[in-house]
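Okay, here's what each chain looks like letter by letter:
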Amino acid sequence: MAEINIIPLVDVVLVLLIIFMATTAFVKESGLKMQLPTAKSTETPKETPKELSIALTRDGKVFLNAKASSLKAVEAAMRTAAKTKDTPSVVIKGDQNIEYKRVITVMDMAKQAGLTKVSLGTRLPD
């Protein structure tokens, strides 16, 4: 009598299940929990692929296009972007409870890099 041994098949399926479970945890993009200040004159600019989005959080972290970064890396990215044909705009999103000095530092880095289109991210009031 010939029998089909399904134990290796079950092992392979379980390994694939574990791989899928592990990789989906890393694929999930975590959003930044920030409270942007409100402004009545908030404009929604057209989304452009050539936009540098810089987020400054309460705990001192810096994010460049939703990826953890440092001020030196942000400055290098700004200088690189300023050399391109289409100069991108810079959107600075700072939590409403951060130091004003941090926002000015990032704005100054953008101006020194040659990026003139700098705006601040806000949200509409409730």
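Placed above this text is the structure.
Definitions and cut-offs
- Residues numbered from 1 in each chain as written.
- Predicted model: local features only at pLDDT ≥ 70, side-chain atom pairs only at ≥ 80, totals over all residues.
- Heavy atoms only, no water.
- Pairing = 2+ DSSP bridges.
- Helix = DSSP H or I, 4+ residues; strand = E, 2+ residues; numbered from the N terminus.
- Axes fitted to C-alpha atoms, helices over the stretch in contact; angles between N-to-C directions.
- Contact = heavy atoms within 4.5 Å.
- Core = buried A, V, L, I, M, F, W, Y, C linked by side-chain atoms within 4.5 Å.
- Buried < 20%, exposed > 50% of the residue type's maximum accessible area, 1.4 Å probe, protein only.
- Right-handed = clockwise from strand over helix to strand, strands pointing away.

Participant: Can you walk me through the sheet that holds strand S1 (residues 51-56) in this structure?
Facilitator: Hydrogen bonding along the main chain pairs the strands of a sheet, whether they run parallel or antiparallel. Strand order in the open sheet made by the five strands is S3-S2-S1-S4-S5, with mixed pairing throughout. Taken across any chain shown, the strands that pair with only one partner, and hence form the sheet edges, are strand S3 (67-69) and strand S5 (118-120). Between one strand axis and the next, the sheet turns by 30° as a mean value, whatever way the strands run. When S1 meets strand S2 (residues 62-64), the two strands line up antiparallel, connected through three bridges. In the strand pairing of S2, Leu56 is matched with Val62. Most of the contacts of helix H2 (residues 71-82) go to S1, to which it runs at about 165°, and overall it touches S1, S2, S3 and strand S4 (89-94). Each of S1, S2, S4 and S5 is contacted by helix H3 (residues 100-113), which is oriented at about 160° to S5, the strand it contacts most.

Participant: How should the nonpolar core be read in this particular structure?
Facilitator: What tends to happen in soluble globular proteins is that the nonpolar side chains get buried as a cluster. Among the nonpolar cores identified, the biggest contains 18 residues, and Leu52, Ile54, Leu56, Val74, Met78, Val90 and Leu115 are the most heavily contacted of them. Contributions of two or more residues to this core are made by S1, S2, H2, S4 and H3. The dominant element in this core, judged by the number of residues it contributes, is H3, at five residues. Dropping the residues within four chain positions of it, Leu115 is found in contact with Leu52, Met78, Ala81, Ala82, Thr87, Pro88, Val90 and Ala110.

Participant: I'm lost on the pairing of S4 in this one. Help?
Facilitator: When a strand is regular, its side chains alternate between the sheet's two faces. With five of six residues buried, S4 is to be regarded as a mostly interior element. Pairing geometry for S1 and S4, over six bridges, is parallel. Directly across from Leu56, in S4, lies its bridge partner Gly94. Where S4 lies against S5, three bridges are found, and the strand directions are parallel. Looking across to S5, one finds that Val90 is bridged to Val118. You can see the chain leave S4, run along H3 and come back into S5, and the turn it takes is right-handed.

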